[in-house]
Amino acid sequence: MDTVYKPTIKIFPEESGVDRYVADKVIKQLSIKPDSTLTIATGSTPIGAYKLLADEYDKGNVSFKHARIFSLDEYWPIQKTNPASYAFYVQKYLIDTTDINPENCHIPDGEAPDAAEEARRYDDLLHTYPSDLAIVGIGPGTTYHIGFNEKGSEATSHTRYVTLDPQTIGVNSQYFPNPTDIPKGAITQGIADILMAKKILLLAKGEGKAQAITRTVNGPVGPDAPSSFLRLHPNVTVVVDAGAAGKL
Ligand code: PGA
């Protein structure tokens, strides 16, 4: 039987508290180990933290020069020039705003002709550079996904092609000018890959994430709530605003 741990929980009255906490953790990580590998979420939730990191970089308080980042996931298929792609997101919020070397920014290739082959390539690369710190978001509604590990994902899962949950498609289609253009699938790091990180920050903001957070922290650990597998990791901090903490 796997050991189940109790995550540390940090609750901030406002979203800005979440942003500051996460940015400070990244700054601290890079000051201790400038060539850290960071796993990064690419949803709306961490944008505030990435903006703070860009500000801190401008002020000379942090450098990403030797850092390496791995995105949790990417839609498949998708063009990198599509503003809804995570390749575009990483360019906009990290490459354009900091000194990170674009060659050290890894994202599953949404343009790869064969998703399974691309997933294997990405998984191999992940294992070459184990993550020091993972910034993870949580899915909308009752998807309880981390990365794009939708319901049914196992703790032992690795990087692979997955089909998106209808709730995920419903919410994320807002980022596509023509909502029906949202891809039906994605390439995502598996749960086992995410759990390899030395430390994990799970971020959530707003009342819409309150159910997801309480299910993750208080419910049974299992594939009907893939986010609950985070409790198999001994060093997870759940970083939430008052809204997302509302059902704890
Ligand atoms: P969000 O996405 O940050 O845009 O809410 C999180 C997720 O779907 O994992």
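**Side note on the sheet that holds strand β1 (residues 8–12)**
Here's step 1: One open sheet accounts for seven strands, arranged β1-β10-β9-β6-β2-β3-β5; its pairing is parallel. The two strands at the open ends of the sheet, each matched to only one other strand, are β1 and β5 (105–106).
Here's step 2: Here two bridges tie strand β2 (residues 37–40) to strand β6 (residues 133–136), and the two strands are oriented parallel to one another. Pairing of Thr39 across the sheet is with Ala134, part of β6.

**Some remarks on the site of the ligand**
Here's step 1: Taken together, Gly43, Ser44, Thr45, Gly137, Ile138, Gly139, Pro140, His145 and Lys209 are the residues near the ligand.
Here's step 2: Within the side chain of Lys209, a nitrogen or oxygen atom sits 2.6 Å from an oxygen atom of the ligand.
Here's step 3: Here the ligand has 280 Å² of accessible area as a free molecule, and 83% of this is covered by the chains.
Here's step 4: Comparing atom positions with the cavity grids shows the ligand to sit within the largest pocket.
Here's step 5: Of the residues in the shell around the ligand, the class split is two nonpolar, six polar and one charged.

**Points about the layout of surface pockets**
Here's step 1: By volume, the largest pocket is sized at about 610 Å³.
Here's step 2: If you go around the largest pocket, you meet 32 residues; those closest to its centre are Thr42, Gly43, Ser44, Tyr86 and Tyr175.
Here's step 3: Contributing elements (two or more residues each) for the lining of the largest pocket: β4 (73–76), α3 (86–95) and α5 (166–172).
Here's step 4: Ranked by the residues each element gives to the lining of the largest pocket, the list is headed by α3, at five residues.
Here's step 5: Taken together, the residues of the lining of the largest pocket break down into 18 nonpolar, eleven polar and three charged.

The rules we used
Residues numbered from 1 in each chain as written. Predicted model: local features only at pLDDT ≥ 70, side-chain atom pairs only at ≥ 80, totals over all residues. Heavy atoms only, no water. Pairing = 2+ DSSP bridges. Helix = DSSP H or I, 4+ residues; strand = E, 2+ residues; numbered from the N terminus. Near = heavy atom within 4 Å. Polar contact = N/O pair within 3.5 Å; in protein donor to acceptor, adjacent residues only side chain to side chain. Areas by Shrake-Rupley, 256 points an atom, 1.4 Å probe, with all protein chains shown as cover. 1 Å grid on protein atoms, 1.4 Å probe; cavity = no way out; pocket = protein on both sides within 12 Å on 5 of 7 lines; lining within 4 Å. Sits in = over half its atoms within 2 Å of the grid points. Nonpolar A, V, L, I, M, F, W, Y, C, P; charged D, E, K, R; others polar. Points joined across faces, edges and corners; volume = space filled by probe spheres on them.

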